[in-house]
Amino acid sequence: MPVDHTSRDEDILYQWEQYGKGGVGRLYWDLRDREISGCIRRGARVIVDAGCGEGVTLKKLLSLYPGRDISGIDIDPRNIAICRGHDLPVKQGDILALDIPDGSVDCCIMSEVLEHIEDYGLALLEAKRFLREGGDLIVVFPNDIIFKIARLLTLRFREAFYDTGHLRQLAPGKVMSSLKQLGYRIVRVKNIPFMFWGLSLHCIIVARKRK
């Protein structure tokens, strides 16, 4: 998809191709992205989608919020090429050391990113550096076990056994604890599509940089 920059070209399940298949997968992706966009405050003018992948969510954000400074960053040159093919404003960069001035961003989105990083606290710390005081970090991560079950039940066997490159299964409590230790204030936690994490596909956490 290529969510993992170490994937071989022949092994990739591309995001736009998966999204274009429609069906329940696309309906859920749209639900997730509506939840993400709904977490963005009205006053947020500078928004960065850090780890934007192929830009499916980024394209929606640009449509929803015209006139705002919205851009994407990704480490994988294949993702960058795909994004530019969709005329999306992106640049290549390492999420652990981004070329963004201190305190210059109102809202940073890290969607399905932290589970790919050995020490994801470094990514949270980097976001804190470039967020303004009172700025928001929107973290989204999947429940891999429930995803696998859902894909098996819908007969999507290749997706069910696809190597996503995830280094760990994250849990809401652990991520919230890490955010609090780094000086963020948790302002919202939501599991989707159900209230309980054990039955849900994603967790969305909104954390605010303390003033």
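Before reading further, recall that the structure is shown in the block above.
Residues numbered from 1 in each chain as written. Predicted model: local features only at pLDDT ≥ 70, side-chain atom pairs only at ≥ 80, totals over all residues. Heavy atoms only, no water.

(A) Representation of a nonpolar patch on the surface in the model. Judged by side-chain polarity, F194, M195, F196 and L199 come together as a nonpolar surface patch covering roughly 500 Å² of accessible area. Of note, F194 is situated in the loop between β6 (184-192) and β7 (202-209). By relative accessible area, which is 47% here, F194 ends up partly exposed. (Patch = residues over 30% accessible without salt bridge, like charges linked within 9 Å, V, L, I, M, F, W, Y side chains within 5 Å. Areas by Shrake-Rupley, 256 points an atom, 1.4 Å probe, with all protein chains shown as cover. Salt bridge = Lys/Arg side-chain N within 4 Å of Asp/Glu carboxyl O. Helix = DSSP H or I, 4+ residues; strand = E, 2+ residues; numbered from the N terminus. Buried < 20%, exposed > 50% of the residue type's maximum accessible area, 1.4 Å probe, protein only.)

(B) How the structure looks around the sheet that holds strand β5 (residues 131-142). One open sheet holds the seven strands; their spatial order is β3-β2-β1-β4-β5-β7-β6, and the pairing between them is mixed. The open sheet has two edge strands, β3 (90-92) and β6, and neither has a second partner. Within the sheet, the average angular offset between the axes of one strand and its neighbour, ignoring direction, is 20 degrees. Against the sheet, helix α4 (residues 77-85) contacts β2 (69-74) and β3, and its axis sits at roughly 165 degrees relative to β3. (Pairing = 2+ DSSP bridges. Axes fitted to C-alpha atoms, helices over the stretch in contact; angles between N-to-C directions. Contact = heavy atoms within 4.5 Å.)

(C) Up close: the nonpolar core. In terms of nonpolar packing, the biggest core is built from 30 residues, with M110 and L137 touching the most fellow members. Counting only elements with at least two residues in this core, the list comes to β1 (46-50), β4 (105-111), α5 (120-130), β5, α8 (172-181) and β7. When residues of this core are assigned to their parent elements, the largest contribution, five residues, is made by α5. Apart from residues no more than four positions distant in its own chain, M110 is found in contact with A50, I95, A123, A127, L137, I138, V139 and V140. Counting 25 residues, the second-largest nonpolar core is a separate cluster that includes I36, C52, C83 and V90. (Core = buried A, V, L, I, M, F, W, Y, C linked by side-chain atoms within 4.5 Å.)

(D) Structural detail: the environment of Q169. Along the chain, Q169 falls in the loop between α7 (157-160) and α8. A C-alpha to C-alpha distance of 19 Å links Q169 and V206, two positions 37 residues apart in sequence. Among all residues touching Q169, those that are not within four sequence positions of it are P142, N143, D144, I145 and W197. At 2.7 Å, the side chain of Q169 forms a polar contact with the backbone nitrogen of D144. (Polar contact = N/O pair within 3.5 Å; in protein donor to acceptor, adjacent residues only side chain to side chain.)

(E) Just the packing of aromatic side chains, in detail. All told, the structure shown has four aromatic pairs when counted by the stated rule. Centre to centre, the rings of W16 and Y19 are 6.1 Å apart; their planes meet at 85 degrees, and the pair counts as edge-to-face. Of this pair, W16 and Y19 both sit in helix α1 (residues 15-20), three residues apart, which is roughly one turn of that helix. Accessibility expressed as a relative area gives 8% for Y19, which makes it buried. On the basis of an interplanar angle of 80 degrees and a centroid distance of 5.6 Å, the ring pair of Y19 and W29 is categorised as edge-to-face. Of this pair, Y19 sits in helix α1 while W29 sits in helix α2 (residues 23-37), and the two are 10 residues apart along the sequence. Neither Y19 nor W29 differs from the other in exposure class; each is buried. In textbook terms, an aromatic cluster arises when at least three aromatic residues are bridged by ring pairs, as seen for W16, Y19 and W29. (Phe/Tyr/Trp six-rings, centres within 6.5 Å; stacked < 30°, edge-to-face > 60°.)

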